[in-house]
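# Coordinates in review
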Amino acid sequence: MTQEQHSAQRREETQAQETTEDLNVAAGQDAGVDDLLDEIDGVLERNAEEFVRGFVQKGGQ
Amino acid sequence: MGLETEYGVLAPSMPGANATMLSAQVINSYAALVRAGRGAIAGTHWDYTDETPLNDARGFSIDRASADPSQLTDQEPELDAEAVALAGGDTRIGSTLYEEAEAGHEVLMNMVLGNGARLYVDHAHPEYSSPETSNPFAAVLWDQAGDHVALAAMRRIESLAGVPDIHLYKNNTDNKSVSYGAHENYLMPRSVPFENIAAGLIPFFVTRQIICGSGRVGRGMLGQYPGFQISARADFFEAQIGLETTIRRPIINTRDEPHAHWEKYRRLHVIIGDANLGQISTLLRTGTTALVLSMIEAGTAPHIELRDPVAALQAISHDPSLSTTVELVDGRRLTALQIQRIYAAAAAEHSATSDALDEATVEVQRRWEETLQQLETDIFSAASTVDWVAKYKLMSAYAQRHGVDFSDSRIALMDLQWADIRPEKGLYHRLAARGMMEVLYSGEQIAHAAAHPPEDTRAYFRGRVLNQYPEFVVAASWDSVSFTVPGARRLERVSTLEPLRGTRALVGELLDRELEIHEFIAALRS
């Protein structure tokens, strides 16, 4: 990757990061989503980091 | 058209378990269920005679020696004693398979289902290939039926004492470099030049992710950069056009294996899509693509050419605000929304002048425009229909409530569990249970489609004979069914090379007569 491409990519990433933050605020509150978030600890598998690390797949199309 | 789903497979209590073995366990579990329900065999040999995965639509074929081993999809994968012995050092899975085998049933790597679908071990994943359907609504229904089948297999494994639970995920990556597909297949007249198909589709495929992507946490093939992106598959594509599906993945796949009369048809094999849990996202994915293909056939597709399609695909995917612009060869810079608008407008114009406008097409057109409108005004207004938006909204709310960002491991877990096919564990299903995801089909309709074929394609013949004459069907494929007839010296191989024959209208009455097998075959041959 050339220096130019690299900085272009970084610009794009910084920009995307900002929009992500804006959208987090815009997502706002929603009764249905809130309701699911209230129960989500019981739905999510225990030990998130380890569980995600253990999900390893072999080749696919 | 038809849809394929390769499920992610995991046995949480057996890290490192052999994936092919786990996948075989899923297939054999479903076979046992069908056997129990019907008292007849469920597993049918796949007939590989007409499989030609190395033929390229551009008019040449590659030789077997230079192909990647994963491209040789016309060979039955072997599962032998050695493979069982190598099953991650844990024999529990293998021993269950052997118990089934000892009960008088061989270990199956392939099944043809009573709804006309194929359920099999593909590489290292259980795969469901839906029966052929005639329109995008039916494609959604029989795709959902695949999730029903996979869930039923998973539930049976859960119920067996001493056998580790297997989880199945309708997703596309493990975020550790591996991606697996959710392919679409569209039947097209061979007379349409392939270069027109490629040119018309590339800008559409690069941008359609905004209406039907499934969303992904992490960027890059390894998920090494943080952040949310629109498409689960985008980062795994490296070429514009090519034959491969597992390496150097191309936006346009050229596998020329029509599974039908070669001189009349081509089967466009689309590998760029995300697996959708949502019914409307699946409808948008298949329905808009079918519309664009009919425009290409008619020569009414828009002429847009991207400067760098692969880079554009990824740049669009990496920006959920949808403000990223990509460059066209004429120098213009457009957003994905603007490019989709150009396609949708051309489709509306195309449909307006078409004399064979069906209800399904009108509805797809309406939903396409409505979705673009929602994404233009407020992205989150599309949360009940567009999978990536629904997922992004849920994760954003979680991140906000807990004061974490998208690099948090719980957000990564939400990404994985979004696609868990169990209603009590899958986050998509938890949202849907609250009425927050719009659906087209009820659970009852989906369960029915898991056991019954579509009525207006050759899948009807395949599914009906499997339901009605299971003990006499010895092999099947997309374009043939082989019967063994008592007293006859040879197998009766019935060709189904014409996808729009074998329908209820053509063979329903004959099947309803419930003839003896030899009478049935004689009637077919007459």
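Placed above this text is the structure.
The rules behind these values
- Residues numbered from 1 in each chain as written.
- Chains lettered and ligands numbered in written order.
- Predicted model: local features only at pLDDT ≥ 70, side-chain atom pairs only at ≥ 80, totals over all residues.
- Heavy atoms only, no water.
- Axes fitted to C-alpha atoms, helices over the stretch in contact; angles between N-to-C directions.
- Helix = DSSP H or I, 4+ residues; strand = E, 2+ residues; numbered from the N terminus.
- Left-handed = near helix turned anticlockwise from the far one by under 90°.
- Contact = heavy atoms within 4.5 Å.
- Nonpolar A, V, L, I, M, F, W, Y, C, P; charged D, E, K, R; others polar.
- Buried < 20%, exposed > 50% of the residue type's maximum accessible area, 1.4 Å probe, protein only.
- Core = buried A, V, L, I, M, F, W, Y, C linked by side-chain atoms within 4.5 Å.
- Pairing = 2+ DSSP bridges.

### Thoughts on the packing of helix H2 (residues 31-43) of chain A against helix H11 (residues 387-402) of chain B
For the pair H2(A) and H11(B), interaxial distance at closest approach is 10 Å and the crossing angle is 65°. For the crossing formed where H2(A) meets H11(B), the hand is right-handed. The segment H2(A) lies against H11(B), with A:Val33, A:Asp34, A:Leu36, A:Leu37, A:Asp38, A:Ile40 and A:Asp41 engaging B:Lys393, B:Leu394, B:Ala397, B:Tyr398 and B:Arg401. Residues belonging to the contact of H2(A) with H11(B) are distributed by class as follows: seven nonpolar, no polar and five charged.

### Some remarks on unusual backbone geometry
Residue and element names in this part refer to chain B. Residue Arg-248 is not a glycine yet carries a positive backbone phi of 40°. Relative to the helices and strands, Arg-248 is located in the loop between strand S13 (237-242) and strand S14 (249-253). Residue classification places Arg-248 among the partly exposed positions, given a relative accessible area of 49%. Even without being a glycine, Leu-322 presents a positive backbone phi close to 65°.

### Re the nonpolar core
Residues and elements named next belong to chain B. Ranked by internal contacts, the top residues of the largest apolar core, which has 142 residues, are Leu-201, Ile-210, Trp-368, Leu-375 and Trp-388. At 13 residues, helix H4 (residues 136-159) tops the list of elements feeding residues into this core. If we skip the residues at most four places from it in the chain, Leu-201 touches Ile-252, Leu-268, Val-292, Leu-293 and Ile-296.

### Comments concerning the sheet that holds strand S6 (residues 110-112) of chain B
Residue and element names in this part refer to chain B. The six strands are arranged S6-S7-S8-S1-S10-S15 in an open sheet whose pairing can be described as antiparallel. The sheet is open, and its two borders are formed by S6 and strand S15 (265-270), each paired with just one other strand. Within the sheet, the average angular offset between the axes of one strand and its neighbour, ignoring direction, is 20°. Relative to strand S7 (residues 118-122), S6 runs antiparallel, the two being bridged by three bridges.

These figures capture arrangement, not role.
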